[in-house]
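Structure assessment
Spelled out, the chains give:
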Amino acid sequence: MAEAQTSEDRKKDTREKIALGGLIVKAGLRYESRALLLGLLIEGRSRLNGNEVERARLMGIGTEAFGRDT
């Protein structure tokens, strides 16, 4: 039973990573280096730390980008 759960956990983790990679592509960053992408994410995390105004601003940008999919 533990093997089945582990397998399901791995599948879920894989699907999540694929979805996150899709966000990189959607943002137009497919061909950027991994170091740059990681730097952007780390910088973004530090900007969000307790800054609800910045969080809301970035959320709006992302929501608008997702809205263009429909």
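The rules we used
Residues numbered from 1 in each chain as written. Predicted model: local features only at pLDDT ≥ 70, side-chain atom pairs only at ≥ 80, totals over all residues. Heavy atoms only, no water. Helix = DSSP H or I, 4+ residues; strand = E, 2+ residues; numbered from the N terminus. Areas by Shrake-Rupley, 256 points an atom, 1.4 Å probe, with all protein chains shown as cover. Lys, Arg positive; Asp, Glu negative; His and termini not counted. Charge placed at Lys NZ, Arg CZ, Asp CG, Glu CD. Expected span 1.5 Å × (residues − 1). Salt bridge = Lys/Arg side-chain N within 4 Å of Asp/Glu carboxyl O. Buried < 20%, exposed > 50% of the residue type's maximum accessible area, 1.4 Å probe, protein only. pLDDT = per-residue confidence, 0-100. Contact = heavy atoms within 4.5 Å.

Once that is clear, we can look at the overall build of the chain. Within the chain one finds three helices and zero strands. Secondary structure elements of the chain, listed N to C terminal, follow the sequence α-α-α. If one aligns the C-alpha atoms of the chain with their principal axes, the spans along those axes are about 45 × 30 × 25 Å. Counting only carbon and sulfur atoms, one obtains 59% of the accessible surface of the chain, whose full area is about 6,300 Å². Distance from the positive charge centre (13 side chains) to the negative charge centre (11 side chains) of the chain: 3 Å.

With that out of the way, let us pick up helix H2 (residues 34-48). The first and last C-alpha atoms of H2 sit 21 Å apart over 15 residues, in line with the 21 Å expected at 1.5 Å per residue. In the segment just after H2, Gly 50 is the residue with positive phi, at about 75°.

On to the pattern of salt bridges. Inspection of the entire model under this criterion finds seven salt bridges. Note that Glu 54 is salt-bridged to Arg 47, the shortest N-O span being 3.7 Å. A residue is classified by how much of its surface remains accessible, and Glu 54, at 13% relative accessible area, is buried. With a relative accessible area of 44%, Arg 47 lands in the partly exposed category. With a shortest N-O distance of 3.8 Å, Glu 52 and Arg 55 are connected by a salt bridge. Within this pair, Glu 52 and its partner Arg 55 are both found in helix H3 (residues 52-67), separated by three residues, close to a single helical turn. For Glu 52, a relative accessible area of 53% puts it in the exposed group. The partly exposed category is assigned to Arg 55, whose relative accessible area is 37%. One salt-bridge network, in which partners are shared between bridges, spans Glu 43, Arg 47, Glu 54 and Arg 57.

Once that is clear, we can look at the confidence of the model for the chain. Predicted coordinates in areas of low pLDDT are best not read in detail. For the chain, mean pLDDT is 92; residues scoring 70 or higher make up 93% of the total. When the elements of the chain are averaged for pLDDT, helix H1 (residues 2-26) gives the smallest value, 90, and H2 the largest, 96.

Attention shifts here to the side chain of Glu 54. As for its placement among the helices and strands, Glu 54 is situated in helix H3. If we ignore the near neighbours within four places in the chain, the residues touching Glu 54 are Arg 47 and Leu 48.

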